[in-house]
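Next come the chains, spelled out residue by residue.
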Amino acid sequence: MCTGGCAKCLGTTLIPLAVLCTLANILLFFPGGKVVENNVHITNEVWYFGGILGSGVLMIFPALVFLGLKNNDCCGCCGNESCGKRFAMFSSIIFAAVGVLGAGYCFVLSAVALNRGPKCYNGTEWTYPFQDGNYLANHTLWNACQSPENIVPWNLTLFSLLLVMSGIQVVLCGIQVVNGLLGTICGDCQCCGCCGGDGTV
Ligand SMILES: *[C@@H]1O[C@H](CO)[C@@H](O)[C@H](O)[C@H]1NC(C)=O
């Protein structure tokens, strides 16, 4: 009951985070809330789809698997009461690892994007006017970006949100790696008490 229930709770949390990460990544394509004339003017890290692919689409699979773990039948595998459940918990480790990789990708990408700063027009050319996150502590430097309007706070806010949310996803999937290991070893089969051993719920 416990390890499956914990997994369900993890899955329930991962879904809204995946949706929010996807939204944040989509918003990054519209600097300052506006449509850009030329796609080349969008910051490169936005095009790497950290929020849409890494923390979004890829996260749907582990989330759905975690959600299903609690209801997994544990009484019907080769006459062995616990092996079905054990196998489910074991395979969840693989999906949890996929989740760690996807969210980790988004996390690293967001950190790089925050450090590098946005691509913007500085009055003569489209460039990355900041280095090593120097703009984070010095508001005066933000004037280097003449357009798109509000590009600096826009990217700063959205990439920060992506950083935090993908960080939480990494932790949640990491918990399921441990949870899945425990479930594999312990069998997690108190629920067989309610099946009465005859396969009916
Ligand atoms: C911020 O950057 C401006 C422009 O380079 C510089 O003149 C100023 O000293 C910096 N302020 C701080 C607190 O570093």
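Residues numbered from 1 in each chain as written. Predicted model: local features only at pLDDT ≥ 70, side-chain atom pairs only at ≥ 80, totals over all residues. Heavy atoms only, no water.

## Let's talk about empty space enclosed by the protein
Part 1 of the reasoning: Throughout the structure, instances matching the rule amount to one cavity of 30 Å³ or more.
Part 2 of the reasoning: Counted as a void, the largest cavity has a volume near 40 Å³.
Part 3 of the reasoning: Ranked by residue count, the leading element in the lining of the largest cavity is helix α3 (residues 83-116), at three residues.
Part 4 of the reasoning: Classifying every residue of the lining of the largest cavity by side-chain character gives six nonpolar, four polar and one charged. (1 Å grid on protein atoms, 1.4 Å probe; cavity = no way out; pocket = protein on both sides within 12 Å on 5 of 7 lines; lining within 4 Å. Points joined across faces, edges and corners; volume = space filled by probe spheres on them. Helix = DSSP H or I, 4+ residues; strand = E, 2+ residues; numbered from the N terminus. Nonpolar A, V, L, I, M, F, W, Y, C, P; charged D, E, K, R; others polar.)

## Remarks on the state of the cysteines
Part 1 of the reasoning: Taken as a whole and judged by the stated rule, the model has one disulfide.
Part 2 of the reasoning: Here Cys120 engages in a disulfide with Cys145; their sulfurs sit 1.8 Å apart. With the S-S dihedral at roughly -80 degrees, the linkage between Cys120 and Cys145 falls on the left-handed side. Placement of the pair is Cys120 in strand β1 (residues 120-121) and Cys145 in the loop between α4 (134-137) and α5 (151-186), with a sequence separation of 25 residues.
Part 3 of the reasoning: Relative accessible area serves as the criterion here: at 12%, Cys145 is assigned to the buried category.
Part 4 of the reasoning: Of all cysteine sulfurs in the structure, the one in Cys106 sits closest to Cys21, which takes part in no disulfide; the separation is 5.1 Å.
Part 5 of the reasoning: For Cys21, a relative accessible area of 0% puts it in the buried group. (Disulfide = S-S within 2.5 Å. Buried < 20%, exposed > 50% of the residue type's maximum accessible area, 1.4 Å probe, protein only.)

## Observations regarding the pattern of salt bridges
Part 1 of the reasoning: In total, this model carries one salt bridge according to the counting rule given.
Part 2 of the reasoning: With its nearest N and O atoms 3.0 Å apart, the salt bridge here joins Glu45 to Arg116. Here Glu45 is found in the loop between α1 (2-28) and α2 (50-69), whereas its partner Arg116 is found in helix α3, with 71 residues between them in sequence.
Part 3 of the reasoning: Judged by relative accessible area, Glu45 falls into the buried class, the value being 5%.
Part 4 of the reasoning: Among the residues examined, Arg116 registers a relative accessible area of 30% and is labelled partly exposed. (Salt bridge = Lys/Arg side-chain N within 4 Å of Asp/Glu carboxyl O.)

## Observations concerning unusual backbone geometry
Part 1 of the reasoning: The omega torsion of the bond from Ser147 to Pro148 falls at -5 degrees, within 30 degrees of zero and hence cis.
Part 2 of the reasoning: Despite not being glycine, Asp132 shows a phi value in the positive range, around 50 degrees.
Part 3 of the reasoning: Here Asp132 shows up in the loop between β2 (126-127) and α4.
Part 4 of the reasoning: The backbone phi angle of Asn150 is positive, close to 60 degrees, even though this residue is not glycine.

## Things to note about the UniProt feature "transmembrane region" (unreviewed entry) in the protein chain
Part 1 of the reasoning: Under the present numbering, the feature "transmembrane region" (unreviewed entry) in UniProt falls on residues 12-31, 46-69, 90-114 and 156-175.
Part 2 of the reasoning: Between the first and last C-alpha atoms of residues 12-31 the distance is 31 Å; the span itself is 85% helix and 0% strand.
Part 3 of the reasoning: Along residues 90-114 the backbone is 100% helical and 0% strand, and the end-to-end C-alpha distance reaches 36 Å. (UniProt positions renumbered as here; feature names shortened; annotations may be inferred.)

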